[in-house]
Amino acid sequence: MWGGRFAEGPAAIMREINASIPFDKALWRQDIAASKAHVDMLSAQGIVSADDAALIAGGLDRIAAEYEASGVPEDWDLEDIHMTTESRLAELIGPAAGRLHTARSRNDQVATDFKLWVREAMQSAEAGLRALQVALVTRAGEHAASIMPGFTHLQTAQPVTLGHHLMAYYEMAARDRSRFVDAYARAGQSPLGAAALAGTGFPIDRHRTAAALGFDAPTRNSIDSVSDRDFALDYLMAAAQTALHLSRLAEEFIIWASQPFGFVTLPDSLSTGSSIMPQKKNPDAAELVRGHAGRIVGCLTALMITMKGLPLAYSKDMQDDKPPVFEAASLLTLSLAAMTGMVEGATFRTERMRAAAELGYATATDLADWLVRQANIPFREAHHITGTAVRLAESKGLALDQLSLEELRAIDSRIDERVFAALSVEASVAARASYGGTAPDQVRARVAEARIALGLE
C-alpha cells in the first residue's frame, strides 16, 4: 500500500502493532456500503466510467457475500478491513479495483465506516432501552397499589408503591434514550469525501454520498471530519450513564432477592446455583450487569484519555478508538437484555414487601403531617413530637399505630382518635397524591402516560 516510499518492509513488531484487522473487521458491512456509495458517486460525476463502477460494485457484492458466509480473513500484512477488502477486490476484478480509492483516503473512509457503525449502535441501544421501559411500565401497572417500604440511606423512610418504584427506573431509561437520540442527531454528518484532511481536487458530490448512507448532510470541515471522534465519545457517555442506571436496578434486585429482604424471586433463567451449596440461587446476571457498568465506564475513560491531547488532524492513536466502543456496545446490549428479562420474569412477593413497610416506623412523617394539618402545629414542633412517639413505640417494640391513644396524648394532648386513620401504610401511600407522588392513582396516571409515549395505546 505504501511501499513506494520505503526501501524495506515493516519489522515484525511494527506489523503487529500497526494491524487493526483483528477488531476493525467488525466494520465490514459499513465499509462495503460506504465504498458502494462512493463509487456510485464517482460514476455519476464522471470521475470513474460506468463500466468500471459496475465492475467495482459487483465485486463488492461478491466480497460481502464471502464475508457473510465465511467471515473476514485476517491478513496482518493488509493491516485493516479497508485494505483487506480492496485487496480482495483487486483479486476479483483486476486493475479497475484501484479506481475505488479515487478522491478518498483511509482517514475519511475509517471515520465514515466507524460513524455508521456507531450510529447503528446508538439505535440498538435506544431500542433496548425502549424494551426495558415496556417491561417496567407493564410491571408498574400490575403493582400500582402494591405497598413496599421506600428507602433513604437504605433505611426505611416512607411507604411507597412498587409501581412507583419501578416507574423511577422508567424515567431514568427515558433520559438514557434521549441521550442516544441526541447523540444520533449530532452524528448525522458524513465525513466521506474529506479525504486525508484537506478535501480533494476531484469534482465529487459529498451530498450524494451522505444521502446514500443515511446521513443528513456532509461534514462542513475536512480537518474536523477525519479527526473527530466525538460521536464515539457521545455513544460511550450515553452508554456509561445507561450502565450506571442498570447497575442501580441490578443492585436493587440483588438486595431484594436476598433472604433478609425476600422481596422478589428472580427467574431461574437469569440465576445460577452453587457448586457446593444446593440451596443457593444466586443473582449472577444482576451481579454481572453491576460489574459491566465498571467496564463500560472504563471504556469511556480509555477513549477520552486517548483523544485528550491529539493535534489535528489524524493520528494513529485514533486506531485505538474502536475496541472500547465495540466492547461497551457488546456489554450494554447484554446488560439491557438481562435487566429487561429480569423485570419481566421476576415474581414480586408483595405480602413480604407490605409487611416490611409496616416496620421501621415508615408512617412517622404521616403523624407529623397529621399534627400540622389537624392540630395546626408548626412542622418543626410536630417533627419533635413524632420523634418522641417513635422513641416510645421503639422502647415497647410496637408500631406507631399500636400505641394507645392515651400513650399518644401523654406525649401531646392535641392528638385525638382521628390520628389512627393516618397511620396505616395504605393511608400513608394514598395521601401522597401530589403530581408525581406514590399514590396509586398517581402511579396509574403516570403508567397511562408512559404507555401512550411508548406507543402501546
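Quick note: structure is the one above.
What counts and how
Residues numbered from 1 in each chain as written. Predicted model: local features only at pLDDT ≥ 70, side-chain atom pairs only at ≥ 80, totals over all residues. Heavy atoms only, no water. Helix = DSSP H or I, 4+ residues; strand = E, 2+ residues; numbered from the N terminus. Areas by Shrake-Rupley, 256 points an atom, 1.4 Å probe, with all protein chains shown as cover. Lys, Arg positive; Asp, Glu negative; His and termini not counted. Charge placed at Lys NZ, Arg CZ, Asp CG, Glu CD. Pairing = 2+ DSSP bridges. Buried < 20%, exposed > 50% of the residue type's maximum accessible area, 1.4 Å probe, protein only. Arc of directions from axis to C-beta. Contact = heavy atoms within 4.5 Å. Axes fitted to C-alpha atoms, helices over the stretch in contact; angles between N-to-C directions. Parallel < 35°, antiparallel > 145°, perpendicular 65-115°, else oblique. Left-handed = near helix turned anticlockwise from the far one by under 90°. Nonpolar A, V, L, I, M, F, W, Y, C, P; charged D, E, K, R; others polar.

Enquirer: Explain the overall build of the protein residue by residue, including any values.
Expert: Check the secondary structure of the protein and you find 18 helices and six strands. Projected onto its principal axes, the C-alpha positions of the protein cover 100 × 50 × 40 Å. Counting only carbon and sulfur atoms, one obtains 54% of the accessible surface of the protein, whose full area is about 21400 Å². Here the protein holds 44 positive side-chain charges and 57 negative ones, and the gap between their average locations is 3 Å.

Enquirer: Describe the pairing of strand β1 (residues 147-152), naming the residues involved and giving the relevant values.
Expert: Summarising the sheet, β1 and strand β2 (residues 155-161) pair through five bridges and their orientation is antiparallel. Bridged to Thr152 within β2 is Gln155. In textbook terms, the turn of a hairpin is the stretch between consecutive antiparallel strands, and for β1 and β2 this stretch comprises two residues, one of which, His153, has a positive phi near 60°.

Enquirer: How would you explain helix α13 (residues 350-357) if you had to name every residue and give the values?
Expert: Turning to α13, its buried residues are Met353, Ala356 and Ala357. Looking down the long axis of α13, one finds its buried residues gathered within 105° of arc, a one-sided arrangement. Buried residues along α13 sit in contact with β1, α7 (162-186), α10 (230-257), β6 (347-348) and α17 (425-431).

Enquirer: Any details on the packing of α7 against α10? Residues and values, ideally.
Expert: Where α7 contacts α10, the axes come no closer than 8 Å and their chain directions differ by 165°. Viewed along their axes, α7 and α10 adopt a mutual orientation that is roughly antiparallel. Crossing geometry of α7 relative to α10 is assigned as left-handed. Within the contact between the two elements, α7 uses Leu162, His165, Tyr169, Met172, Arg175, Asp176, Arg179, Phe180, Ala183 and Arg186 and α10 uses Asp234, Tyr235, Ala238, Ala239, Gln241, Thr242, His245, Arg248, Leu249, Glu252 and Trp256. Here the residues of the contact of α7 with α10 sort into 10 nonpolar, four polar and seven charged.

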